[in-house]
Amino acid sequence: MGMTHIVDRRLNGKNKSAVNRERFLRRYRHHIKRAVADAVQKRSITDIERGEKVSIPSRDIEEPIFHHGQGGKREVVHPGNQEFVAGDTIPKPEGGGGQGSGQGQASPDGEGMDEFAFQITQEEFLDFLFDDLELPNLARKKLKDTEAFKYVRSGFSTQGVPAKLDVVRSLRGAHARRLGLGGARKKKIRDLEKQLEALKSAPEDLDPAFSHEDQIKVLEEEIARLKANVKRIPFIDEIDLRYRQHLKQPQPATSAVMFCLMDVSGSMTQMHKDIAKRFFILLYLFLKKNYKKIEVVFIRHHTSAKEVDEEEFFYSRETGGTIVSSALKLMHKIIESRYSPAEWNIYAAQASDGDNWNDDSPVCGKVLADSILPLVQYFAYVEITPQDHQMLWYEYEKIQERFPQSFALQQIADPGEIYPVFRQLFERKAA
Amino acid sequence: MTNLMDRPTPPGSDQPRAREPISTGSEWTFELIQKYDDEIAKCAAEFGLDTYPNQVEVISAEQMMDAYSSVGMPVGYHHWSFGKQFLSTSKGYQRGQMGLAYEIVINSNPCIAYLMEENTLPMQALVIAHASYGHNSFFKGNYLFRTWTDASAIIDYLVFARNYVAECEERYGVDTVEEILDSCHALMNYGVDRYKRPAPISASEELRRQKEREEYQQRRINDLWRTIPKMDEDDDPVRRRKRYPEEPQENILYFIEKNAPLLETWQREIIRIVRKLAQYFYPQRQTQVMNEGWATFWHYTLLHRMYDKGLVNDGFMLEFLQSHSAVVYQPPFNSPWYSGLNPYTLGFSMFTDLRRICENPNEEDRQWFPDIAGSDWLETLHFAMKNFKDESFIQQFLSPKVMRDLKLFAIQNDDQEDVYRVTAIHDEPGYRDLREKLARQYNLSYREPNIQVWNVDVRGDRSLTLRHIPVDRVPMGKETEEVLRHVHRLWGFDVHLESVDDGATVQEYHCPPRELEED
């Protein structure tokens, strides 16, 4: 018939709904943010980069229309009658308020109807997380591009910048070209020269029609023309040029270890810990961008320090006083036994509400300056408190003066401040 | 129009079968799809199916989900509700809870049908027969579609609508436009003319007129409100009691578009767009049983015809029949899978039985359908397809045999009684009653509350009053106040909805809500 037009559309974009999906996420960003915040609480800090299931109460996303309510008199025709005859009555179920429902009594697959659940992608998850942290766009991009690249040589190209010109390759090419273009002519020149030689040395022919002079002239002209041709072949031409080519390749793995130190004494509330957790997450993402392999060590302390797993780190509570130096000493011990600075890039972040046993603060300064800071890339201290500083802060300020390259301290009062503080702490490092 | 002269020999006649099937495997290729389509087209022509030209588009599952979530519109303006639809579709699909429809077909000229690449060859053939010849001929032939939609203009209009909405978003912000669209969607079912024939839509015309409207409309609306005499100057009680509009208006969106005092021109244009789309989809909502029944009847008939011609083999038919019987399966009312009457089953049974009544009528048929029993079946089926909608189709053609086959029965639920009553079943005394009840069930104005624009207080607070006429005392649903908020957003002044049963107001809704008037 030929009337029908059959089209293969499979290669057309499949993301026609992307904008509508984005509109949906935008409309329900508050719900999603809440879900992301909950997920951050539940997840390990090394497990931030995947999507999340989000549930929204169905009533919040309903699109209302005018429709009939319960009540009144309705009649509905159904299929599959077995034993009913006209006039039969069926008692209404108890407790249905005597109303029942005309249309298909209470949807059989009604479960889960009150929640609208869907999946957001890793990318979206990070976006909402960063939203919460008021992360600027540029920083988001840097953190989301987890791959770091370096350029590796990968053969030669005919195009490039002068700085990448490979002289040997280019000259070799030029030589080959000169041979290719000039070789045949040069051979011909040699042949003609031989003929010329022979002609010149041969006795003059008597017949003027075969005059040697004429022939010699012709040969000489031909040789001159060929030589001029050969001479016109450039010594080096644009097409000979070869440039070294470089390709972007993921940076080979280097290792980093990240120490998370946190005060878990009675004065640290869950709110403090949540802020600390977000700070640690940012640090983790930041390191992940720079290193292929990252290990995380959790050290918590009150009056004594202990290496723990993440769960215990964030969620178990202690009471009692605070001796910060215990954590620093433990960190030093762990570095000595497991993370040789020759193989590991060592980072540390310490979170605390600033509380410390007064006599201990000078000890902290000493441990930091003498045994830790010489070994680590960077040590960041965040004090999560809206209040005035205590002894420990002033001690650390002195440290910062002595080690401005590898030590920094900042104060955070609420989640919105985490990123600005983080940036100040890591600005120089990130550059 | 359709040429019924060269009729095929009825299936089952002793025509020798050339056992040369088009293909034997289940893998499809574009060449094979083309071949099948050619043969199906020949069969369709034998039966006089008159169609728009076809465009068959092969798409991936992801693209099918996209098509799904835009309610089958190949181009649509952006809105979060389509995103919601997409999320729930893809979730269901990924979890394997839900298969995707085999096909989506669009009432356009050419008629666009989507085939999923995952389908086997017999499935592709089924879909082509079902959509490209079944639905297509229905779109082209049925009076509702002929009256209310313009297949050649819809794609262009959708493009116009999308661009217009995008432009508004740029100018006035996504949120502002979204608010208007939300409100329009809430009233979409009340944005159609049910009886008047609308002017057909055409994109170029629309664009030109839209410019004109932009210039004149605002002025006209200002005129309406300005020329209304001030209250104290008008003492004539008759004129004061006169309502505006004088006759109740069923098309609420239209009324708002033309009369809301405060709307900007672009907001009126967006109301118009939603209204036009509602109108475009309106025939589909009224012909679901017929349209699916017709398409199912024809894929069944056309593929059997292919089999009779020896163009497909037994394996093909086996796979096809398996899908076909899944499509027309009707779980009984007490099954956990029951979710109402399956429109495919009802429609297919009715068209099939209609053919039987024409070809092999019995005594009952002669009594019930004296005009069509023994008549030419193709002519009768085409007549039914062209001139009816679900409600009237059932009223006219539902036969006792179909009622018996489906074992239909009616249950009455009256909130003033403490029992359900079986009011009619598939037996002699029940047939007519049952048929009437089922027909009414497909009457949209019975399924949706009957609400009309009743009055605007043009001399007073400019409030808009809608009137709901309950049927059988069925009240308004829970979301009513929610919807009124949307009406209020569009109208800009107070909005009231009163349910008036037999002259007595039984229920009132107000937006903004009224203070309690007691103390």
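Bear in mind the structure is a predicted one, so any value in this text is a computation, not a measurement.

Section: the overall build of chain A
Turning to step 1, where the next piece is worked out: A count of helical and extended segments in chain A gives 13 helices and 13 strands.
Turning to step 2, where the next piece is worked out: Classification of the 431 residues of chain A by burial places 30% in the buried group.

Looking at the overall build of chain B
Turning to step 1, where the next piece is worked out: For chain B, the count of helices and strands is 21 helices and nine strands.
Turning to step 2, where the next piece is worked out: A separation threshold of at least 6 residues defines the contact pool for chain B, and within that pool the share at least 24 residues apart is 74%.

Some details on the packing of helix α6 (residues 154–172) of chain B against helix α7 (residues 174–186) of chain B
All names here are of chain B.
Turning to step 1, where the next piece is worked out: Running from N to C, α6 and α7 cross one another at 130°; their axes reach a closest spacing of 7 Å. Taken as axis vectors, α6 and α7 run oblique relative to one another. Counted together, V165, C168, E169 and Y172 of α6 and V174, T176 and V177 of α7 form the full contact between these two elements.
Turning to step 2, where the next piece is worked out: Here the residues of the contact of α6 with α7 are counted per class, giving five nonpolar, one polar and one charged.

Notes on the packing of helix α4 (residues 121–141) of chain B against helix α12 (residues 288–308) of chain B
All names here are of chain B.
Turning to step 1, where the next piece is worked out: Close contact between α4 and α12 brings their axes to 8 Å; oriented N to C, the two are set at 130°. When the axes of α4 and α12 are compared, the pair comes out oblique. Relative to α12, α4 is oriented so that their crossing is right-handed. Of the residues in α12, those touching α4 at A125, L126, A129, H130, A131, Y133, G134, H135 and F138 are N291, W294, A295, T296, W298, H299, L302 and L303.
Turning to step 2, where the next piece is worked out: Split into classes, the residues belonging to the contact of α4 with α12 amount to 11 nonpolar, six polar and no charged.

Describing the domain arrangement of chain A
Turning to step 1, where the next piece is worked out: Looking at chain A, the domain boundaries give domain 1 (16–60 + 113–132), domain 2 (162–244) and domain 3 (255–430).
Turning to step 2, where the next piece is worked out: The C-alpha centroid of domain 2 of chain A is placed 76 Å from the C-alpha centroid of domain 1 of chain A.

Some points on the domain arrangement of chain B
Turning to step 1, where the next piece is worked out: The assigned domain composition of chain B is domain 1 (30–142 + 287–327), domain 2 (343–446) and domain 3 (449–511).
Turning to step 2, where the next piece is worked out: Of note, the centres of domain 1 of chain B and domain 3 of chain B, computed from C-alpha atoms alone, are 42 Å apart.

Notes on the environment of K188 of chain A
All names here are of chain A.
Turning to step 1, where the next piece is worked out: Examined against the element boundaries, K188 turns out to sit in helix α6 (residues 167–201).
Turning to step 2, where the next piece is worked out: For K188, a count of 15 C-beta atoms within 10 Å gives the class partly exposed.
Turning to step 3, where the next piece is worked out: Through-space distance from the C-alpha of K188 to that of L226 is 8.3 Å; in sequence the pair is 38 residues apart.

As for helix α12 (residues 391–402) of chain A
Residue and element names in this part refer to chain A.
Turning to step 1, where the next piece is worked out: Given a rise of 1.5 Å per residue, 12 residues ought to cover 16 Å, and the 18 Å separating the end C-alpha atoms of α12 matches this to within 8%.
Turning to step 2, where the next piece is worked out: Within α12, the full set of buried residues consists of L392, E395, Y396 and I399. One face of α12 carries all of its buried residues, which in axial projection span an arc of 95°. With respect to the buried face of α12, the exposed residues turned more than 90 degrees away are Y394, K398 and E401.
Turning to step 3, where the next piece is worked out: On its buried face, α12 is in contact with α11 (360–372), β12 (378–384) and β13 (407–412).

Re the interface of chain A and chain B
Turning to step 1, where the next piece is worked out: Across the boundary between the two partners, chain A contributes 54 residues, which contact 84 residues of chain B.
Turning to step 2, where the next piece is worked out: Of all the secondary-structure elements, those providing two or more residues to the side of chain A that touches chain B are β1 (5–8), α1 (18–27), β3 (73–78), β4 (89–91) and β5 (115–120) of chain A.
Turning to step 3, where the next piece is worked out: For the side of chain A that touches chain B, a count of residues per class yields 20 nonpolar, 20 polar and 14 charged.
Turning to step 4, where the next piece is worked out: Note: β4 of chain A against strand β5 (residues 419–425) of chain B, three bridges, orientation antiparallel. If you follow P91 of chain A over to β5 of chain B, its bridge partner there is V419 of chain B.

What to know about the environment of Q41 of chain A
Residues and elements named next belong to chain A.
Turning to step 1, where the next piece is worked out: Position of Q41 relative to the elements: it lies in helix α2 (residues 29–42).
Turning to step 2, where the next piece is worked out: Judged by the 14 C-beta atoms lying within 10 Å of it, Q41 is partly exposed.
Turning to step 3, where the next piece is worked out: Separated by 237 residues in the primary sequence, Q41 and R278 have C-alpha atoms spaced 9.1 Å apart.

Topic: the confidence of the model for chain B
Reading predicted coordinates in detail is not appropriate for stretches of low pLDDT.
Residues and elements named next belong to chain B.
Turning to step 1, where the next piece is worked out: Model confidence for chain B is summarised by a mean pLDDT of 87, while 85% of its residues fall at 70 or above.
Turning to step 2, where the next piece is worked out: Confidence drops under a pLDDT of 50 for residues 1–14, and excluding neighbours within four residues, the segment shows 15 contacts in the predicted structure.
Turning to step 3, where the next piece is worked out: Two summary scores accompany this predicted model of the complex, namely pTM at 0.71 and ipTM at 0.86.

Let's talk about the sheet that holds strand β10 (residues 305–308) of chain A
Residues and elements named next belong to chain A.
Turning to step 1, where the next piece is worked out: The strand order across the open sheet formed by six strands is β10-β9-β8-β11-β12-β13, and the pairing between neighbours is mixed. The open sheet has two free edges, formed respectively by β10 and β13, since each of these has just one partner strand. Within the sheet, the average angular offset between the axes of one strand and its neighbour, ignoring direction, is 20°.
Turning to step 2, where the next piece is worked out: For strand β8 (residues 255–263) and strand β11 (residues 344–352), the ladder comprises eight bridges, and the chain directions are parallel.

Notes on α6 of chain B
Turning to step 1, where the next piece is worked out: Helix length check: α6 of chain B (19 residues) gives 26 Å between terminal C-alpha atoms against 27 Å at 1.5 Å per residue, within 8%.
Turning to step 2, where the next piece is worked out: With its phi angle positive at about 95°, G173 of chain B sits one or two positions after the end of α6 of chain B.

Remarks on the pairing of strand β4 (residues 409–414) of chain B
Turning to step 1, where the next piece is worked out: Relative to β4 of chain B, β3 of chain A runs antiparallel, the two sharing six bridges. In the sheet register, E75 of chain A faces β4 of chain B, and the bridge partner there is Q412 of chain B.
Turning to step 2, where the next piece is worked out: Alignment of β4 of chain B against β5 of chain B, held across four bridges, turns out to be antiparallel. In the sheet register, Q412 of chain B faces β5 of chain B, and the bridge partner there is R421 of chain B.
Turning to step 3, where the next piece is worked out: Where β4 of chain B hands over to β5 of chain B, the hairpin turn is made up of four residues, counted between the paired strands.

Examining the sheet that holds β4 of chain A
Turning to step 1, where the next piece is worked out: Read from one edge to the other, the open sheet built from four strands follows the order β3(A)-β4(B)-β5(B)-β4(A), with strand pairing classed as antiparallel. This sheet does not close on itself; its edge strands, each paired only once, are β3 and β4 of chain A. Shown here is a sheet whose adjacent strand axes are inclined to one another by a mean of 25°, direction ignored.
Turning to step 2, where the next piece is worked out: Of the strands in this sheet, β3 of chain A together with β4 and β5 of chain B touch helix α19 (residues 431–441) of chain B, which is tilted by about 105° from β3 of chain A.

What to know about the confidence of the model for chain A
Residues and elements named next belong to chain A.
Turning to step 1, where the next piece is worked out: Confidence in the prediction of chain A, expressed as mean pLDDT, is 79, and 85% of residues score 70 or more.
Turning to step 2, where the next piece is worked out: Element-level mean pLDDT values for chain A span from 53 in helix α5 (residues 137–144) up to 94 in β3.
Turning to step 3, where the next piece is worked out: This model gives residues 96–112 a pLDDT under 50, and the stretch forms 21 contacts once residues within four places in sequence are excluded.

Some thoughts on the pairing of β11 of chain A
Residue and element names in this part refer to chain A.
Turning to step 1, where the next piece is worked out: The element β11 is largely enclosed, with a buried count of eight among its nine residues.
Turning to step 2, where the next piece is worked out: With six bridges connecting them, β11 and β12 associate as parallel partners. Bridged to A349 within β12 is A380.
Turning to step 3, where the next piece is worked out: For the crossover that starts at β11, traverses α11 and ends in the parallel β12, the hand is right-handed.

Some words on the nonpolar core
Turning to step 1, where the next piece is worked out: Grouped together as the largest cluster of nonpolar side chains are 154 residues, with contacts concentrated most on I40, A113, A129, L253, I270, L302 and L303 of chain B.
Turning to step 2, where the next piece is worked out: What A113 of chain B contacts, discounting residues up to four positions off in sequence, is N54, V56, E103, V105, V127, A131 and S132 of chain B.

A look at unusual backbone geometry
Residue and element names in this part refer to chain B.
Turning to step 1, where the next piece is worked out: Omega for the peptide link from N109 to P110 comes to 0°, which places this bond in the cis form.
Turning to step 2, where the next piece is worked out: Inspection of the secondary structure puts P110 in the loop between β2 (103–106) and β3 (111–116).
Turning to step 3, where the next piece is worked out: One non-glycine residue, R473, adopts positive backbone phi at about 65°.
Turning to step 4, where the next piece is worked out: Its location among the elements puts R473 in the loop between β7 (464–469) and α21 (480–491).
Turning to step 5, where the next piece is worked out: The class for R473 is partly exposed, based on 16 C-beta atoms found within 10 Å.

How each quantity is defined
Residues numbered from 1 in each chain as written. Chains lettered and ligands numbered in written order. Predicted model: local features only at pLDDT ≥ 70, side-chain atom pairs only at ≥ 80, totals over all residues. Helix = DSSP H or I, 4+ residues; strand = E, 2+ residues; numbered from the N terminus. Buried ≥ 20, exposed ≤ 12 C-beta atoms within 10 Å, placed from the backbone. Contact = placed C-beta atoms within 7 Å. Axes fitted to C-alpha atoms, helices over the stretch in contact; angles between N-to-C directions. Parallel < 35°, antiparallel > 145°, perpendicular 65-115°, else oblique. Nonpolar A, V, L, I, M, F, W, Y, C, P; charged D, E, K, R; others polar. Left-handed = near helix turned anticlockwise from the far one by under 90°. Domains from an automatic or database assignment. Expected span 1.5 Å × (residues − 1). Arc of directions from axis to C-beta. Pairing = 2+ DSSP bridges. pLDDT = per-residue confidence, 0-100. Right-handed = clockwise from strand over helix to strand, strands pointing away. Core = buried A, V, L, I, M, F, W, Y, C linked by C-beta atoms within 7 Å.

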